[in-house]
Amino acid sequence: MVATFPQDWPVLVTGGTGFIGRRLVATLLAQGHRVRVLVRAGTAPPAEWASVETVVGDLADAASLERACAGMHTVLHVAGLAHAEADTPEWAARHWAINAAGTFSLLDAAVKAGVERFVFLSSSKAVGDPGPHCVDEGWDSAPESPYGQAKRAAEQRVLAVGQAQGLHVVNIRPVLVYGPGMKANLARLIEAIRRGWLPPLPETGHRRSLVHVDDVIQALLLAAVHPAAAGRTYLVTDGQAYSGRALYAIVRRALGRRVPRWAIPASLCYGIADLADGLRWLAGRRDRRMRAMLDKVLGWACYDSSRISAELGYRPIWTLERYCETEWQDLRD
C-alpha cells in the first residue's frame, strides 16, 4: 500500500506530532518520502525527524498555512481537537475554531498553492450515533456533539471545494482508534482491566467497532492515491464488531489471565460507574468519565467499512486481539 504512494509527491502532514500523525510521518519517512509537517510554536520535533521539513504555525494562522502548502502535491490533514464528549459552550467554540474553521483555512491555502490532493481525517462522530444497528456511509443522521458537528461541517466544505476546484478530496471517518500511544477511554478501560479494577463485563449483545492506527494510515494513503477515492467519504474499521464481554476477554487473555465465567449485570456496572462519577463530582471533577468509559464498551457503535475495501482495496492488518497478543508481552503476569 505505502509503496504505491509516489515518492515524487511532496506531502504536508498536519497534526504530525499526535497519536495518528506521528505514526503517519514515520510510515512516510520509512519509505523515503519527502515530508513537511505543520507544527505549533514551541513544539520540539522528534529526534527521528532529521529529514522532515517543519513549518511553524497553526490552523488559525492563514499565512503559516500558505507557507506550509507551498510546493506540496498532497495534504494529509490529521490535525484536530479531540475530546468528543466535551459539550460545554467553551468546548463547542474550540471545536468549531479548530476542526471546522481551521480546515476551511487549510483548504483555502491548499487551493491557492495548487495542491492536487487533500485527504481529511474526520470521524465516525460526523454522523449521529447509529443505535442498535451496524451502519455504513449511507447512515446520514445529524451529528449530536459539537465535535461531530464541526467535523461534519469540515467534511462538507472539503467535498464542496473538491467539486468546485477539481481537487482530489477524500473524507476518512475512523471509528475508535487503538494502538501504541493511544489515550482516552479505551486506554483507561484496558488499564482498569490490567489493574484488576474492572469486574467481568456482561454479554449484552451490543457491538462496537474499532480500528488500529496503522490501518487508519493505510486508509489515508489509499485515499490519497486511488483515483476512485476522489469526492468520497469512507468509514474505516478493523473489520470486527466487538461486544463489551469480548473486549474484556481479549484483554484478559492477552495479559495471561483467566477469563471468569461469571459477569456483573450491566445495570450494576452502570450503577457503580454513576457512583464513581458522583464521587468525582464531589471532588471537583466535573465530568462523567467512568460512565463514558463504560459506554465505550457496553454501548452500540457499530460501523461497516465495506465501501473502502470494495473501492480502494483496503484490507485491515490488525485486530484488537492480534494487537494485544503481539504488543503486550511485557505486561503479562
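Right above here is the structure, for reference.
Residues numbered from 1 in each chain as written. Predicted model: local features only at pLDDT ≥ 70, side-chain atom pairs only at ≥ 80, totals over all residues. Heavy atoms only, no water.

Turning our eyes to something else, we now look at the overall build of the chain. Secondary structure summary: the chain contains eleven helices and eleven strands in total. Computed over C-alpha atoms, the radius of gyration of the chain comes to 20 Å, within 12% of the 20 Å expected from 2.2 N^0.38 for 333 residues, which places it in the range of a compact globule. With the C-alpha coordinates of the chain rotated into their principal frame, the extents come out at 60 × 40 × 40 Å. If you sum the accessible surface of the chain, you get close to 14,900 Å²; carbon and sulfur atoms cover 52% of it. The distance from the centre of the 38 positive side-chain charges to the centre of the 33 negative ones in the chain is 5 Å. (Helix = DSSP H or I, 4+ residues; strand = E, 2+ residues; numbered from the N terminus. Rg over C-alpha atoms; globule rule 2.2 N^0.38 Å. Areas by Shrake-Rupley, 256 points an atom, 1.4 Å probe, with all protein chains shown as cover. Lys, Arg positive; Asp, Glu negative; His and termini not counted. Charge placed at Lys NZ, Arg CZ, Asp CG, Glu CD.)

Our next topic: the sheet that holds strand β3 (residues 53-56). As summarised here, the arrangement of the seven strands in space is β3-β2-β1-β4-β5-β7-β10, forming an open sheet in which the pairing is parallel. Of all strands in the sheet, those with a lone pairing partner are β3 and β10 (232-236), marking the two edges. Each adjacent strand pair in this sheet contributes to an overall mean axis angle of 20°, direction not counted. By the bridge criterion, four bridges tie strand β4 (residues 74-77) to strand β5 (residues 117-121) in an arrangement that is parallel. Pairing of histidine 77 across the sheet is with phenylalanine 120, part of β5. Packed on one face of the sheet, helix α4 (residues 146-165) meets β5, β7 (168-174) and β10 and runs near 160° to β7. (Pairing = 2+ DSSP bridges. Axes fitted to C-alpha atoms, helices over the stretch in contact; angles between N-to-C directions. Contact = heavy atoms within 4.5 Å.)

Here we come to the packing of helix α1 (residues 19-30) against helix α6 (residues 213-225). Two elements in contact, α1 and α6, have axes whose closest approach is 10 Å; the angle formed by their N-to-C orientations is 65°. Where α1 crosses over α6, the two elements pack in a sense that is right-handed. Between α1 and α6, the residues in contact are Phe19, Ile20, Arg23, Leu24, Thr27 and Leu28 and Val213, Asp214, Val216, Ile217, Leu220 and Leu221, respectively. Partitioning the contact of α1 with α6 into residue classes produces nine nonpolar, one polar and two charged. (Left-handed = near helix turned anticlockwise from the far one by under 90°. Nonpolar A, V, L, I, M, F, W, Y, C, P; charged D, E, K, R; others polar.)

Moving on, we get to the pairing of β4. On β4, burial covers both faces: Thr74 and Leu76 on one face and Val75 and His77 on the other are all buried. Where strand β1 (residues 11-14) and β4 come together, four bridges link them in parallel fashion. Bridging from a neighbouring strand, valine 11 pairs with threonine 74 of β4. (Buried < 20%, exposed > 50% of the residue type's maximum accessible area, 1.4 Å probe, protein only.)

Turning our eyes to something else, we now look at the state of the cysteines. Chemically, a disulfide is nothing more than a covalent bond linking the sulfur atoms of two cysteines. Counted under the stated rule, the structure contains one disulfide. Across a sulfur-sulfur distance of 2.5 Å, cysteine 134 and cysteine 302 are joined as a disulfide pair. Taking the torsion about the sulfur-sulfur bond, which here is approximately -70°, the covalent link between cysteine 134 and cysteine 302 counts as left-handed. Taken as a pair, cysteine 134 in strand β6 (residues 134-135) and cysteine 302 in strand β11 (residues 302-303) lie far apart in primary sequence, 168 residues in all. Assessed through its relative accessible area of 44%, cysteine 134 is described here as partly exposed. For cysteine 302, a relative accessible area of 3% translates into the label buried. Here cysteine 269 is not disulfide-linked; the sulfur of cysteine 324 is the nearest cysteine sulfur, at 19 Å. Here cysteine 324 stays free of any disulfide, with the sulfur of cysteine 302 as its closest cysteine sulfur at 19 Å. (Disulfide = S-S within 2.5 Å.)

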